[in-house]
Structure formats: C-alpha cells, structure tokens
Protein chains: 2
Amino acid sequence: MNTIHNFEELRERLRQGEPCRVAAVEATDEHSGEAVEKAVKEGWAVVTNFATGDPQESANEAVAMVLRGEADVIMKGIINTDVLLRAVLNKEHGLLPKGNVLTHLSAIYLPMLGRIVLMGDPAVIPNPTLEQREAIIRYAIKLAGAYGIEEPRIALIHCTEKISEKFPITLDYQKLIEMCQRGEFGKAIVDGPSDLKCAICKESADIKGIKSPLEGRSDVLIMPDIQAGNVFYKTLTAFTDAQLAVGLMGAACPISLTSRSDSADTKLNSLAMACLQASMERKK
Amino acid sequence: MNTIHNFEELRERLRQGEPCRVAAVEATDEHSGEAVEKAVKEGWAVVTNFATGDPQESANEAVAMVLRGEADVIMKGIINTDVLLRAVLNKEHGLLPKGNVLTHLSAIYLPMLGRIVLMGDPAVIPNPTLEQREAIIRYAIKLAGAYGIEEPRIALIHCTEKISEKFPITLDYQKLIEMCQRGEFGKAIVDGPSDLKCAICKESADIKGIKSPLEGRSDVLIMPDIQAGNVFYKTLTAFTDAQLAVGLMGAACPISLTSRSDSADTKLNSLAMACLQASMERKK
C-alpha cells in the first residue's frame, strides 16, 4: 500500500472505496457542519446526525446505531468529551471491548516535514501506566499501518535523554524499548527518551551528539503524559500550519474525537481518519 | 517604561545603557560564538569567555568572577546544564542565595501575536510544588516588569479548565488564584486552569465559552510540569518562527541558560535578556 503523506491523499484514498456510514453526535456547530457537508459531497461518507439537543441522549443514540451494525464510525460534534465517553463506556450498551485501553491519537501533517506524524495521548489518559503505554504504542503502530507506514519509528518523548530513577517514566521507556528489541511490537522501531526536537530534527540530534535508530525522523511521538500531549497539540494548532486529525482508539469502532474549538479542517480530517480505520477493518 | 515587544527593541534598549559584563562558559560552539560577537559589536556586552576545555573548571571560574563583583551575568555555552548548575549551586562558592528557588523562564516572541510571552519552567523543576510555583510566578512578574508589562496576565496551563481532585495541580492553581485575589502578587492577574490555546487566543476561549480575566491574551504561561514546558519550547523552536530568550531565575545574577541545540539568535536573545535583568538590578 502506498504511504499517505497528507490529508488530501487520505481523502483521495477514501473516494476510491465505499462510503463510510457515520453516526454524528450534535454536529450542529459551524465547523462540524462544514466538515460533514464536505465529506458527503466528496462521496466518502453518509452521515446521520443525532442532534436531539440533549447531548447525552444524542450520544446514546449514536452508540446504539453502531451496536445495531448500521454505522461504522462515530463523530463528536459540539458536546463535552465526558458526555460522549459516558455513552461509549456504558457497561451494558457501550462500545468498549473488555480489557481494551481507551486512548487518543492524533495524526499531524507537518508542512516542514512534508509528511504525517502520529502523537498520543493529549486528551484521555492522564499518566499512562506501562501497560497503557504499551497499548498506546500498539494502536499507533496499527494506525501508522493504515497510513501505509510499514516500520514506524516511535519516539518516547521526554525532557531528558537519560534513563534515570529521577524520572520514573524513563524506566518504563526502557522496558518498552526492550520489548521492541524482543520483537514484541512486530515491525517497529522504539527508542528514547528523546526530546521532541531531536525526535523529528536530525540536525538537533546531531548537535546534541545523540545516536538513535530514530535518526531524527520519527513517525510516532509518544508523549510522557496528557499535559505534554495537550500542550503539543494546542501549540501546533495555535501557532503553526500543521493540519490535524484526531481520534479515540480502543473502542469497538473508530471515533472522531475533536476539541470543540478545532477548525473545520481538523474536524474533516478526523472524520476521514476514522473512515480510513473503518475501511481497514472491513478489509480484514 | 515603554513595553519591549520584540528582541530588536530589547537590544535597542540595551544599546542605550552601559555595556553589561558577561562571564561566558565554554562559548566555543558556532552559535554561541556568533551571539557573543554580535553582542560585543553592538556595544551592549563585554565578554570574558572561560573555555578551559574542562567544563566544570570553566563554570567554576565564571562563578568566581561574578562573586568577585567583576561580572554581571553568566552565559552558558556548549556544556551540560548540570555541570553549570553544580558550580552555581555550590554551597560555599556558588550563586544561590539561601532559600531561593532556581527555575527557568523563557521569553518568546510570537510573530502571530506581535509580542513577547513568558513561559516556565521547561528545564529545571520537574514537578513544581505550590511554593515553587509561587516562586516561578513571582520571577515571571518581575521579568514581565523588565519587559515593561506592568500588570501581567498569568495563565495557569492545564489540559482541562476544571479544578478537580483528579488533577492535584489544579488544586494548587486554585490556591494561587486566591493568593492573587488577596493581592499577594501585587499588580498581576492570575487565572486558570486554561489550555494553552485559550490562554493566548480569544477566539478559542470564546468557542469554548470560557469567561476569564485573561481574555485570551496572556502575558505569562505557567506550565503544569517540566514535560509540558519542554515540549512547548521544543515545538516552537522546531516548527514556528518564534524567537526565544531563555534564562535561569533565582541565582545571585542573571544566567543565560540555553540548550546546546539552540540557534545563534536564541543565544543572542538570551544573553540580551540576562543583560536587561542586570540593568534593572543596577537601577534599584
């Protein structure tokens, strides 16, 4: 499969397949509306928008539609994330397979790099445990595969390059690197700790004298915690031309989970990413 | 005093005063060298560069020069931060007044905003306690004053807007806001928790329906921890045209504390910021 370098290529790919059935929740704001309109017009999505005015009711109905097998993905509109999650996490009528970790991944097109980089988790897990971080990495490898990245370089981000007890996260990083070396992640390269700049900029890594198989061109950035992830996400959207797609991983179906303040483009890209994931599931 | 909006204005201000006496430590790399050359040429710095080849020895000598009253500021060159800090923190021959908190603040010129925003701490304190965060805010207010910002708007950054026990940092934030309301910080506005984008973008704050005295135009961004601060810093330098000045606060003299991979401009701006701080001290 060819690598998808940007979101135009992603939507072009989707146009070549069957339209994806989308259950939207309160997609009544301007940006969500624009995204839905464009996806439908381009022919890669059929959208049912649940906008009852009662966000919890709308979320419940969207989840029920997926459970009936009538929708492939869920799209979050102008509702609080915790309201949507309450429906998704419902033990009887929810969408979380037992034992699955729920996390949030972003795909970021960085014009300076000319390609898409994945990042998690900026929104759901405050301080990932070793097991949760392992799950985040596995989801990221799968998502990288959907974008056609066959052997993703995965950077474990930190403010230091040293593994030390002063920062317990780095001890988990060491374990994850060893797991990768034992082949437990399949075809992937996991390394770190690395600061964000050295992970994606070879010159910075060279100046610091860092030798890493990431070689300053990582495909996936695993953030130390939700604060760092959130700041990264918000900084990119506030100050750069980066284009983003974001989604919830680990549920029974892909979920486009944008922030209420995200742009129409981010909402469109996120919907497209969810539809890409759904199409990969169908191909299995 | 007029507000300093960018680093050209900062250097122009310095040219109007007496040159600052700088003790540089291993400023032998290309970027440090360029910064020193320009500062000297522009006439606002006189630089003694300690480059013994033994970084610890060089750091000790620079500190000794300050202690003798022969230098006003210290500039970090191509040495590890912990080596420089060992000299600064030395109990007998160091530069840390008893009881002072040592922290790291950045001044960031954001072209999109057309002004300078301060941020801390991306490099020194991993997880600030309430007392340390209070100290960071006090240093930030003082530094904002040096830039001519008389009533700084200080945003306490977080991934959420809610104060909750789920995130203990937000409970500290609440206490800091109350301290500000009691007037303990003098002329300043402290509010949060705020996500980074809402802190500096009124449109984002409006979309989320956030009412805050920060009004989406904060002057100071207080980061939840070192990871978030470091990611913010590295993201700006990797992906934006932001210009930066960084320094260590809390020592007996201003210290320009850049990252080894920083650009010549960042090293120049950081030196200028340290000299600005020194000139404010002289005026007292």
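Identification of chain A as Phosphate butyryltransferase from Prevotella koreensis is taken from an unreviewed UniProt entry. Per UniProt, chain A carries the Sequence similarities (unreviewed entry) text "Belongs to the phosphate acetyltransferase and butyryltransferase family."

Asks: Explanation requested: the overall build of chain A in the structure shown.
Replies: Summing up its helical and strand segments, chain A has 10 helices and 10 strands in all. Scaling as 2.2 N^0.38, a compact globule of 284 residues should have a C-alpha radius of gyration of about 19 Å, and chain A matches this with 18 Å. Taken across its 284 residues, chain A has 61% of its residues classed as buried. Taking all contacts inside chain A whose residues are at least 6 apart in sequence as the whole, residues at least 24 apart take part in 72%. With the model as given, the accessible surface of chain A reaches about 11,400 Å², and the carbon-plus-sulfur share is 49%.

Asks: Would you mind showing me how to read the sheet that holds strand S8 (residues 220-222) of chain A here?
Replies: Hydrogen bonds between backbone groups are what pair the strands of a sheet, and the pairing can be parallel or antiparallel. Residues and elements named next belong to chain A. Pairing is mixed in the open sheet, where 10 strands are placed in the order S2-S1-S3-S10-S9-S4-S5-S8-S6-S7. Here the strands that pair on one side only, and so sit at the sheet edges, are strand S2 (45-50) and strand S7 (189-194). Of the pairings in the sheet, the one linking strand S4 (residues 103-110) to strand S9 (residues 243-249) comprises seven bridges and is antiparallel in character. Note on S9: the bridge partner recorded for alanine 107 is alanine 245. Of the strands in this sheet, strand S1 (20-25), strand S3 (73-76), S9 and strand S10 (255-256) touch helix H4 (residues 81-89), which is tilted by about 155° from S3.

Asks: For this particular structure, what's the right way to read helix H10 (residues 264-283) of chain B?
Replies: Residues that lie three or four places apart on an α-helix share one face, since the helix turns once every 3.6 residues. Here H10(B) spans 29 Å end to end across 20 residues, near enough to the 28 Å set by a 1.5 Å rise per residue. A large share of H10(B) lies buried, amounting to 15 of its 20 residues.

Asks: Explain the domain arrangement of chain A to me, please; I cannot follow it from the model alone.
Replies: Residue and element names in this part refer to chain A. Taken domain by domain, chain A holds domain 1 (1-96 + 251-283) and domain 2 (103-244). Here the C-alpha centroids of domain 1 and domain 2 sit 25 Å apart. Listed by partner, the interface residues are 20 residues for domain 1 and 17 residues for domain 2. For the domain 1 and domain 2 pair, buried surface summed over both sides reaches about 1,600 Å², with 58% attributable to carbon and sulfur atoms. Summed over the shared surface of domain 1 and domain 2, the number is one salt bridge. Put simply, glutamate 281 and lysine 142 hold a salt bridge, and the shortest N to O gap is 3.0 Å. Joining domain 1 to domain 2, the criterion identifies six residue pairs in polar contact (both at pLDDT 80 or more). Broken down by secondary-structure element, the contributors of at least two residues to the side of domain 1 that touches domain 2 are helix H1 (7-15) and helix H10 (264-283). Its residues placed into classes, the side of domain 1 that touches domain 2 shows eight nonpolar, eight polar and four charged.

Asks: Honestly, the sheet that holds strand S2 (residues 45-50) of chain B in this entry has me stumped. Any pointers?
Replies: Residues and elements named next belong to chain B. With mixed pairing, the 10 strands of this open sheet are ordered in space as S2-S1-S3-S10-S9-S4-S5-S8-S6-S7. Each edge of the open sheet is held by one strand with a lone partner, namely S2 and strand S7 (189-194). Across the sheet, helix H3 (residues 55-67) lies against strand S1 (20-25), S2 and strand S3 (73-76), angled at about 160° from S1, the strand it touches most. Contacting S1, S3, strand S4 (103-110), strand S9 (243-249) and strand S10 (255-256), H10 crosses the sheet at an angle of about 50° to S9.

Asks: Help me out: how do you make sense of the UniProt feature "domain: Phosphate acetyl/butaryl transferase" (unreviewed entry) in chain A in this one?
Replies: Taking the numbering used here, the UniProt-annotated feature "domain: Phosphate acetyl/butaryl transferase" (unreviewed entry) corresponds to residues 60-275 of chain A. With 39% helix and 19% strand, residues 60-275 of chain A has its two end C-alpha atoms placed 20 Å apart.

Asks: Hey, could you run me through the environment of A:Ser263 in this one?
Replies: Residues and elements named next belong to chain A. Of note, serine 263 is situated in the loop between S10 and H10. Using a relative accessible area of 31% as the deciding quantity, one classes serine 263 as partly exposed. Put simply, serine 263 and serine 32 are 231 residues apart on the chain and 8.4 Å apart in space, counted from C-alpha to C-alpha. Within the structure, serine 263 has its side chain in polar contact with the backbone nitrogen of threonine 266 (distance 3.1 Å).

Asks: Looking at this structure, I do not really get H3(B). What am I missing?
Replies: All names here are of chain B. Along its 13 residues, H3 runs 18 Å from first to last C-alpha, staying within 8% of the 18 Å computed at 1.5 Å per residue. Looking only at H3, the buried set comprises Gln56, Ser58, Ala59, Ala62, Val63, Met65 and Val66. Looking at the buried residues of H3, the elements they touch are S1, S2, S3 and helix H4 (81-89). At the N-terminal boundary of H3, the capping side chain belongs to aspartate 54, with an oxygen 3.0 Å from the backbone nitrogen of glutamine 56. Within two residues after H3, glycine 69 carries a phi angle of roughly 80°, on the positive side.

Asks: Sorry if this is basic, but what is going on with the relation of the copies chain B and chain A here?
Replies: Two chain copies, one operation linking them: a rotation about an axis together with a shift along it. Each copy superposes on the other: chain B lies on chain A with an RMSD of 0.0 Å after a rotation of 180° and an axial shift of 0.0 Å. What the rotation and shift describe, once combined, is the action of a two-fold rotation axis. Closest to the rotation axis within chain B is the C-alpha of B:Ala228, separated from it by 1.9 Å. Interface residue correspondence from chain B to chain A reaches 100%, placing this contact among same-surface, isologous pairings.

Rules used throughout
- Residues numbered from 1 in each chain as written.
- Chains lettered and ligands numbered in written order.
- Predicted model: local features only at pLDDT ≥ 70, side-chain atom pairs only at ≥ 80, totals over all residues.
- Heavy atoms only, no water.
- UniProt positions renumbered as here; feature names shortened; annotations may be inferred.
- Helix = DSSP H or I, 4+ residues; strand = E, 2+ residues; numbered from the N terminus.
- Rg over C-alpha atoms; globule rule 2.2 N^0.38 Å.
- Buried < 20%, exposed > 50% of the residue type's maximum accessible area, 1.4 Å probe, protein only.
- Contact = heavy atoms within 4.5 Å.
- Areas by Shrake-Rupley, 256 points an atom, 1.4 Å probe, with all protein chains shown as cover.
- Pairing = 2+ DSSP bridges.
- Axes fitted to C-alpha atoms, helices over the stretch in contact; angles between N-to-C directions.
- Expected span 1.5 Å × (residues − 1).
- Domains from an automatic or database assignment.
- Buried area = accessible area lost by both parts, 1.4 Å probe.
- Salt bridge = Lys/Arg side-chain N within 4 Å of Asp/Glu carboxyl O.
- Polar contact = N/O pair within 3.5 Å; in protein donor to acceptor, adjacent residues only side chain to side chain.
- Nonpolar A, V, L, I, M, F, W, Y, C, P; charged D, E, K, R; others polar.
- Least-squares fit on C-alpha atoms with pLDDT ≥ 70 in both.

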